[in-house]
Amino acid sequence: MADPTIDELHMVEVALRDLSNIPVIRAMDRMVALPRTQADLRAVMDDLELVKQFVAKAIPDSLREAAAQMFTQHVDHVMAHFVSGTGNPPA
């Protein structure tokens, strides 16, 4: 399965934001910040779940694969950041 193109990624974001679901838009905005604490990580996971559920219901079939890959990549990035220790606040 090929990585989504830049155009597909933009179409996914536009589709999510154009549907005017405020909780989903806020969750997407919060997902830009990488987690520093366990509580932050939990919030990111909750936001990802909210967006994932919304994608399953509202995104056109033609964009679902790109959306799934986009969010999988984001989860991998968040987890790598957190596990590396760069997500922990300084002591």
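Visitor: Sorry, what's going on with the side chain of histidine 81 here?
Guide: Tracing the backbone through its elements, the reader meets histidine 81 in helix α4 (residues 61-83). At 3.3 Å, the side chain of histidine 81 and the backbone oxygen of proline 35 are in polar contact.

Visitor: Please clarify how the nonpolar core should be interpreted in this entry.
Guide: Leu16, Val51, Val55 and Phe71 are the most contacted members of the largest nonpolar core, which totals 20 residues. At the level of secondary structure, the elements contributing two or more residues to this core comprise α1 (6-18), α2 (22-30), α3 (38-58) and α4. Discounting chain neighbours no more than four positions away, the residues touching valine 55 are Leu16, Arg64, Ala67 and Phe71.

Visitor: When you look at the packing of α1 against α4 in this model, what are you seeing that I'm missing?
Guide: For any two helices packed against each other, the geometry is given by the interaxial angle and the distance between the axes. Between α1 and α4, the least distance of the axes is 9 Å, while the angle of their chain directions is 95 degrees. If you check the angle between α1 and α4, you find them roughly perpendicular. For the pair α1 and α4, contact is made by Glu8, Leu9, Met11, Val12, Ala15 and Leu16 and by Leu63, Ala66, Ala67, Met70 and Phe71, respectively.

Visitor: Mind showing me how you'd approach the packing of α3 against α4 here?
Guide: Axis separation between α3 and α4 bottoms out at 11 Å; the angle between their running directions is 175 degrees. It follows from the interaxial angle that α3 and α4 lie roughly antiparallel. On α4, the residues touching Gln38, Leu41, Val44, Leu48, Val51, Val55, Ala56, Lys57 and Ala58 of α3 are Arg64, Ala67, Phe71, His74, Val75, Val78, Met79 and Phe82. Class assignment for the residues of the contact of α3 with α4 results in 13 nonpolar, two polar and two charged.

Calculation criteria
Residues numbered from 1 in each chain as written. Predicted model: local features only at pLDDT ≥ 70, side-chain atom pairs only at ≥ 80, totals over all residues. Heavy atoms only, no water. Helix = DSSP H or I, 4+ residues; strand = E, 2+ residues; numbered from the N terminus. Polar contact = N/O pair within 3.5 Å; in protein donor to acceptor, adjacent residues only side chain to side chain. Core = buried A, V, L, I, M, F, W, Y, C linked by side-chain atoms within 4.5 Å. Buried < 20%, exposed > 50% of the residue type's maximum accessible area, 1.4 Å probe, protein only. Contact = heavy atoms within 4.5 Å. Axes fitted to C-alpha atoms, helices over the stretch in contact; angles between N-to-C directions. Parallel < 35°, antiparallel > 145°, perpendicular 65-115°, else oblique. Nonpolar A, V, L, I, M, F, W, Y, C, P; charged D, E, K, R; others polar.

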